[in-house]
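Structural overview for review
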Amino acid sequence: MFVMSLWERSRIIAVVAVSALFVPAVPAFAAEVEQVVNGGFDGTADPFWSSSGPFTLTGGRACVDVPGGTVNKWDVAVGQNDIDLVAGETYRFSFDAGGDAGKVVRAIVGLGADPYTTYFEQSPALGEFQHYSWTFTAPADTAIGQVAFQLGGSPDPWNFCVDNVSLVGGVPPEVYVPDTGPRVRVNQVAYLPDGPKAATVVTSATTPVPWQLANAAGKVVARGTTTPRGVDVSSGQNVQTIDFSRYTKRGTGYTLTADGETSRPFDIDAKAYDKLRTDALKFYYTQRSGIEIRDDLRPGYGRPAGHVDVAPNQGDGAVPCQPGVCDYTLNVRGGWYDAGDHGKYVVNGGISVWEVLSAYETFSALRKVDLNIPESGNRTPDVLDEARWELDFLMSMQVPAGKPYAGMAHHKIHDQAWTGLPLLPHLDPQRRELHPVSTAATLNLAASAAQAARVYKKYDRAFAARALAAARTAYAAAKANPVKLAPESDGVGGGAYNDTKVTDDFYWAAAELFITTGEKQYQADVLSSPEHTADVFGAGAFDWASTAAAGRLDLALVPNRLPGLAAVKASVVRGAEKYLAIQRQQPYGVPYAPANNAWDWGSNSIILNNMVVLAAGYEITGRSVYRNAVLTGLDYMFGRNALNQSYVTGYGEVSSHNQHSRWYARQLDPALPNPPVGTLAGGPNSSIQDPYAQSKLTGCVAQFCYIDDIQSWSTNELTINWNAPLAWISAFVAS
Ligand code: 9MR
């Protein structure tokens, strides 16, 4: 796998010539000012503190004996407090350090008091004494900042030495220029032999240039000329496209050359996406809460069960509500962790389960896919066993009979405050809380449980019946409480997943209940919903907040007897036409062009969901133009893009591998793994809400608003609802 530290990357970036992408304004800088007192440990260690016993000053260095047997990095630390930081100012943080080979120091600059927010951190593996230096921009003002070296988490004792600790303010910010490699951009995984084959060349040329396709032996096997496309809005680059669709011979190690640049290598292979279909779904097992992840099933990913009432976890076995919200506790163990955090959210769980099960309902080949999970080998398809892990959790979030809002679903359950990184689930010490019920969560539960009732019937009648009962109860409770809206303000310790529009959720739930039961009451609600005749295929077709298209797609794809089905199918085909037209406008072949070029959070999943609509167009009409559009969309995901990288871990020469996660946190702790192969990164997000992305990407143009760094939670997280369309689309392509 492609793994490179930030340190290595910044060195490479320095020597690679790349076209200018965005030009930051150059502010005037204050004089450089040292913030650390006595960083050279001259005769004394004061005012540094140590929770690791006294400092020994030897050879001008300060050393401590670090005890073994601690769990968290912060269990043992040395540092200095009362450091001034100014928001927006750039600092150079440097020191010399060494220690027992392979031991990791977590060097941080952050708040020296509760809530101990970390503003900057690096975790180099130590050895020989050497110099370390980075710059970062402070996101906040404080007079109680801290520079610290966290040393805990080692089973055995070791020795740490440090010298020349320095934090200099007023330094110029480093201009970040991504390493985008060769200017010829291809799908770094594979093109299908009988599929479209297009690439994009970033160039200053405005007239056609020749291109050549070479095989692995370097022999030119096809040639042609490019098509100028002008300046691409989504990247700000002048580009031309290459179409080599006519070449259909299977093989590995092909390259394309144009304008003096040679692309990264790629394959032409009919079976290239079979493994992705499996990997995209295997992602869910390692996201499971409430169960040990077995290392024999996922080598390198084994970990104890998270949130099962074993200290330091407070556990999900009897979770109370937030104060004043309810007077009971619920056993909400299990489910999937939402993303890189430890929260579990019903709206997002619902859409994720639905999309996984939708893939299962659409592609019969998924029945046989082996996910290598504890349940593998039982009589139920693995995909259903995996989705059931989440469904059981979703149903457990329903308010019990006899309590206020009985039948509604609690919106979410998570920690009282955000946990830090890295933190394995079983080590989370915080109090867990149920948040108020919401109409949206209740309807997402109704929809996914109604769908489950028909899908699981063949394998487990009792479970199917229980799911249907839960769905009916939820739907009725939502109708009785149609405006219990999850507020944007409820975002402390977990995501808000706020949603003020629920007509779409009502429509989707009614559609699923109707498809499963055929009952008139649900049919009437589908037909009278304003969503039924609306154009539901906007810039993004559907996501956790906009679910009308999920209902529309199932009405079009899953057999049912709704009056006017022809019009429903025609509306989906019109949606496919819309995304096809958008894609044709895009020199990178992306079926996504949001208003004002403002790419949304999780854009990769939005693009993949638009591709689901294109694929549905193919399922309905059999027209290859829609199938080809899906394949062209895949090219974007796997490297035919402005950053020249694949967004799926382990797929393509250069792929995202530092996604924001508390347990796949290898970038912060070399003892932890990167995300599993087949994990989708959120992708470019024009709003770059996190400070790390802001420090590197301010002023970015759409496709450039992404950075493969664990700190960038707004561009580079992984989630259960983003891997679901990846699974859906790879199942489509594989079949
Ligand atoms: O995916 C969500 C995105 O659509 C929202 O804009 C964003 C802000 O509310 O939240 C995203 O969801 C995050 C959730 O709140 C917490 N877990 C991680 C999710 C992905 O970043």
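All of these numbers come straight from a predicted model, not from anything done at the bench.

Here the focus is the UniProt feature "domain: Cellulase Ig-like" (unreviewed entry) in the protein chain. Listed under "domain: Cellulase Ig-like" (unreviewed entry) in the UniProt record, and renumbered for this structure, are residues 179-263. Taken end to end, residues 179-263 is 0% helix and 48% strand, and its two terminal C-alpha atoms sit 14 Å from one another.

Put simply, helix α6 (residues 461-480) and helix α8 (residues 520-528) touch, their axes get as near as 13 Å, and they point 50 degrees apart. Here α6 is positioned oblique relative to α8, judged by the angle of their axes. Of the two possible hands of crossing, α6 and α8 adopt the one that is left-handed. Residues Arg472, Tyr475 and Lys479 of α6 form the contact with α8, whose participating residues are Gln521, Tyr522 and Asp525.

According to the domain assignment, the protein chain contains domain 1 (27-169) and domain 2 (274-734). Listed per partner, the contact involves nine residues of domain 1 and nine residues of domain 2. Interface of domain 1 and domain 2: buried area, both sides summed, is about 780 Å²; carbon and sulfur atoms make up 60% of it. Broken down residue by residue, the surface that domain 1 buries against domain 2 is led by Trp74, Glu121 and Ser123, which jointly contribute 40%. Across the contact surface, domain 1 and domain 2 share zero salt bridges. For the side of domain 1 that touches domain 2, the per-class residue count stands at four nonpolar, three polar and two charged.

Ordered by their spatial adjacency, four strands build an open sheet running β12-β14-β18-β17, and the pairing between neighbours is antiparallel. The sheet terminates laterally at β12 (184-185) and β17 (227-231), the two strands that pair on one side only. When strand β14 (residues 198-202) meets strand β18 (residues 238-243), the two strands line up antiparallel, connected through five bridges. Note that in β18 the partner of alanine 198 across the bridge is aspartate 243.

Thresholds, definitions, all that
- Residues numbered from 1 in each chain as written.
- Predicted model: local features only at pLDDT ≥ 70, side-chain atom pairs only at ≥ 80, totals over all residues.
- Heavy atoms only, no water.
- UniProt positions renumbered as here; feature names shortened; annotations may be inferred.
- Helix = DSSP H or I, 4+ residues; strand = E, 2+ residues; numbered from the N terminus.
- Axes fitted to C-alpha atoms, helices over the stretch in contact; angles between N-to-C directions.
- Parallel < 35°, antiparallel > 145°, perpendicular 65-115°, else oblique.
- Left-handed = near helix turned anticlockwise from the far one by under 90°.
- Contact = heavy atoms within 4.5 Å.
- Domains from an automatic or database assignment.
- Buried area = accessible area lost by both parts, 1.4 Å probe.
- Salt bridge = Lys/Arg side-chain N within 4 Å of Asp/Glu carboxyl O.
- Nonpolar A, V, L, I, M, F, W, Y, C, P; charged D, E, K, R; others polar.
- Pairing = 2+ DSSP bridges.

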